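# Examining the three-dimensional arrangement
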Amino acid sequence: MANRLEKLRKENNVQDKQLSKENNVIMTDMVCYLRSSDLCEYDIEIIRKELTGMAMEAQLRNEKFNDVAGDDYKALCDELMKNGRQKTLYEKALEILYVLIYGIGTLYLIEILFSSTIINIFKSGQFSISITSGFLVSTFFTVVIAVSVYNYFTKNSFEFSNHNRKTQIIFIIGFSAAWTALLLIKVFVGKTVLWSVNCLYPTLFLAIAFVLIKTLDDQHVNSLFKNK
Amino acid sequence: MFDKSQLMRGTLEGCILKIISLEVTYGYEIMIKLTGYGFADIREGTIYPLLVRLEKKDLIYAEFRPSPLGPSRKYYFITKSGIEALNSFEAYWKSISVAVSKILSLEVE
């Protein structure tokens, strides 16, 4: 089933390209910042469509975007966050599950490809993979770091765009420290084999879980479009 | 100095409902009308969050229609509950504006 939200997102991406460079930067900051909020994805894309429309009409009238939107874009986004529809519990649960399954699935495939598992599969037809404590701990921390980086980046999109030194330094130090800690965990903690399993079973489980969540998400999103 | 934002929010919501009740319209046109009636310093960015709020409260609904200028525009329509909200805003505004005018016309004895 085609997800109409993805279609709308693609349409918005096409429209963004028609914006001037200056307006495109502003729109990117605003959309990034809106993504840090609890606004539902559907509303964010609708807001994006409307803001892009405002910016394009302003361009055609030879006006600047701040002539129509005001000078404080962050305040405008805050107002929209306050007044827009918030994610429901069901939408939040789907989002968290999607991130978890996608993150764990990607890291699991990397583990297969960059360990002896892939060699064993091709050399001796052995599909066994050893799940180590290091893999579990590093997978957990990688997902946590990725989500934290995403949240920090979106919440501070305006500061990053304005080259705010403090925000950039906090980001670089935090990012480097997190990845160093992760590497150390992987190297020093991770040798204990917890259990061995046929690598196809977790792959199958993750693939089914991914398809299930994607289908539920598509159904939900499409129902939002129908109700509008 | 007096913080006008709280007063403006409620007042503007009522005025936007009135404008939409008269004819189906879109954000920029509403802004032009408000400015024309004397609301200074109103921009599309000021009224857009209010339109989102009114839509969330089901007082208005919207649909995208093609625009001669660039991408499709969102046109707003008033709902039945929007008309009820507008009627109660009008009644309340009449009573409160009389009271406020009386108080503001008082002079120090």
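All of the points below concern the structure found in this document. On a predicted model such as this, the values are computed, not experimentally measured, just so you know. (Residues numbered from 1 in each chain as written. Chains lettered and ligands numbered in written order. Predicted model: local features only at pLDDT ≥ 70, side-chain atom pairs only at ≥ 80, totals over all residues. Heavy atoms only, no water.)

Helices and strands together make up the secondary structure of chain B, namely four helices and three strands. In chain B, the succession of α and β elements from N to C terminus is α-β-α-α-β-β-α. For chain B, the C-alpha atoms occupy an extent of roughly 60 × 30 × 20 Å along the three principal directions. Across the 109 residues of chain B, 37% fall into the buried class. (Helix = DSSP H or I, 4+ residues; strand = E, 2+ residues; numbered from the N terminus. Buried < 20%, exposed > 50% of the residue type's maximum accessible area, 1.4 Å probe, protein only.)

A word on the nonpolar core. The biggest cluster of nonpolar side chains holds 48 residues, and the ones touching the most others in it are Met-30, Leu-51 and Phe-65 of chain A together with Ile-16 and Ile-30 of chain B. Elements supplying a minimum of two residues to this core: helix 2 (21-35), helix 3 (41-60), helix 4 (65-69) and helix 5 (73-83) of chain A together with helix 1 (4-22), helix 2 (27-36), helix 3 (44-56) and strand 3 (73-78) of chain B. With twelve residues, the next largest nonpolar core counts Leu-94, Ile-121, Leu-206 and Ile-213 of chain A among its residues. (Core = buried A, V, L, I, M, F, W, Y, C linked by side-chain atoms within 4.5 Å.)

All right, on to the sheet that holds strand 3 of chain B then. Sheet architecture is open: three strands sit in the order 1-3-2 (chain B), paired in antiparallel fashion. This sheet does not close on itself; its edge strands, each paired only once, are strand 1 (25-26) and strand 2 (60-65) of chain B. Relative to strand 3 of chain B, strand 1 of chain B runs antiparallel, the two being bridged by two bridges. The residue bridging Thr-25 of chain B from the neighbouring strand is Tyr-76 of chain B, located in strand 3 of chain B. Against the sheet, helix 3 of chain A contacts strand 2 and strand 3 of chain B, and its axis sits at roughly 115 degrees relative to strand 3 of chain B. (Pairing = 2+ DSSP bridges. Contact = heavy atoms within 4.5 Å. Axes fitted to C-alpha atoms, helices over the stretch in contact; angles between N-to-C directions.)

Attention now moves to the interface of chain A and chain B. Quoted interface sizes are often the accessible area lost when the parts come together. Taken together, the contact between chain A and chain B spans 26 residues of the former and 19 residues of the latter. Each partner contributes to the roughly 2000 Å² buried at the junction of chain A and chain B, and carbon and sulfur atoms together form 59% of this total. If you look at where chain A meets chain B, you find four salt bridges. Between Glu-50 of chain A and Lys-74 of chain B there is a salt bridge whose closest N-O contact spans 3.0 Å. Taken together, chain A and chain B are joined by eleven residue pairs in polar contact (both at pLDDT 80 or more). Per-element tally for the side of chain A that touches chain B: the top contributor is helix 3 of chain A, with ten residues. When its residues are assigned to classes, the side of chain A that touches chain B shows ten nonpolar, six polar and ten charged. (Buried area = accessible area lost by both parts, 1.4 Å probe. Salt bridge = Lys/Arg side-chain N within 4 Å of Asp/Glu carboxyl O. Polar contact = N/O pair within 3.5 Å; in protein donor to acceptor, adjacent residues only side chain to side chain. Nonpolar A, V, L, I, M, F, W, Y, C, P; charged D, E, K, R; others polar.)

Bringing the packing of aromatic side chains into the picture now. Residue and element names in this part refer to chain B. For the coordinates displayed, the defined rule picks out twelve aromatic pairs over all chains. On the basis of an interplanar angle of 10 degrees and a centroid distance of 4.9 Å, the ring pair of Tyr-61 and Phe-77 is categorised as stacked. Here the residue Tyr-61 occupies a position in strand 2, and Phe-77 occupies one in strand 3, the gap between them amounting to 16 residues. Owing to a relative accessible area of 43%, Tyr-61 belongs among the partly exposed residues under this scheme. Residue classification places Phe-77 among the buried residues on the basis of a relative accessible area of 14%. Plain terms: the ring middles of Phe-89 and Trp-93 are 6.1 Å apart, the flat faces sit at 20 degrees to each other, and that makes the pair stacked. Separated by four residues within a single helix, Phe-89 and Trp-93 lie in helix 4 (residues 80-104), roughly one turn from each other. (Phe/Tyr/Trp six-rings, centres within 6.5 Å; stacked < 30°, edge-to-face > 60°.)

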